[in-house]
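# Working through the structure, step by step
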Amino acid sequence: MKKNALISLLLVLLFACACAMPRDAVSFATQPLPTPTATAKKPKTLAVVKAVKANLRSRPSTSAKVVGTLNRGSEVALVVDERVGPWFKVHDNSTGLEGWLHGDLITLKKAPPETTTSKAAKRKSGKSYINVDGIRVPSPVFTDKRPAGASARCRDGSYSFSLHRQGTCSHHGGVAGWF
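Residues numbered from 1 in each chain as written. Predicted model: local features only at pLDDT ≥ 70, side-chain atom pairs only at ≥ 80, totals over all residues. Heavy atoms only, no water.

## A closer look at the sheet that holds strand E11 (residues 159-160)
Two orientations exist for strands paired in a sheet by backbone hydrogen bonds: parallel and antiparallel. Strands sit in the order E11-E10-E12 across an open sheet of three strands; the sheet is antiparallel. Edge strands, defined here as strands with exactly one partner in the open sheet, are E11 and strand E12 (175-178). Where strand E10 (residues 152-154) and E11 come together, two bridges link them in antiparallel fashion. By the bridge assignment, Arg153 is partnered in E11 with Tyr159. (Pairing = 2+ DSSP bridges. Helix = DSSP H or I, 4+ residues; strand = E, 2+ residues; numbered from the N terminus.)

In structure tokens form, the structure reads like this:
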């Protein structure tokens, strides 16, 4: 009899605690714990900093927060499949810092993994915008060679297909040069 009363008391307390918890805490408590996976991205390709000082940034942009500074000769590892245009996500083994470096600041020791940044790949993905004249124009793309129809090179290394000068490369650091 005492055993049943004790079980009933425990159930009432458990129910009361569950009701007093915030709704998201209850759902979180009932979710299974994630299991660690062995498929985490690991740095493979090595690069050497060739600039006197290189700012390691939180995002692939010159306006992003600087998370660290690397000196000439510092070795970093590229994080696999983490490239945005000319920016590489890198891991500095000596400090443990991870961030973004512009490709002009480093020399690759071996080729990075291929990225689909060609004009054809961008057009297939449908990345474009409608300009002020109502014409659909391809969005800026990152390629090693100047693509046909490009009107300008942006400061971040991408090529623009803009039909007007105003606003060209506005989200890419401005215009570096016109064609």
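## Focus on the confidence of the model for the protein chain
Per-chain confidence: the protein chain averages 75 in pLDDT, with 71% of residues scoring 70 or above. Overall, residues 24-31 carries pLDDT values under 50, and its contacts beyond four positions in sequence, including any with other chains, amount to two contacts. Counting interchain partners and residues more than four positions distant, the pLDDT-below-50 stretch residues 112-125 has 22 contacts. (pLDDT = per-residue confidence, 0-100. Contact = heavy atoms within 4.5 Å.)

## Concerning the side chain of His172
Along the chain, the position of His172 falls in the loop between E11 and E12. In this structure the side chain of His172 is engaged in a polar contact, spanning 3.4 Å, whose partner is the side chain of Ser158. Every residue in contact with His172, bar those within four places of it in the chain, is listed here: Pro140, Phe142, Cys154, Arg155, Asp156 and Ser158. (Polar contact = N/O pair within 3.5 Å; in protein donor to acceptor, adjacent residues only side chain to side chain.)

## Observations concerning the side chain of His102
Mapped onto the fold, His102 is located in strand E6 (residues 98-102). For His102, a relative accessible area of 15% translates into the label buried. A distance of 3.0 Å separates the side chain of His102 from the backbone nitrogen of Asp104, its partner in a polar contact. Discounting chain neighbours no more than four positions away, the residues touching His102 are Pro86, Trp87 and Asp156. (Buried < 20%, exposed > 50% of the residue type's maximum accessible area, 1.4 Å probe, protein only.)

## Here we look at the pairing of E6
Counting buried positions over the five residues of E6 gives four, a clear majority of the element. Pairing of strand E5 (residues 87-91) with E6, which is carried by five bridges, proceeds in the antiparallel orientation. Of the residues in E6, the one forming a bridge with Lys89 is Trp100. With antiparallel pairing between neighbouring strands as the criterion, E5 and E6 make up a hairpin whose turn holds six residues, including Gly96 at a positive phi of roughly 80 degrees.

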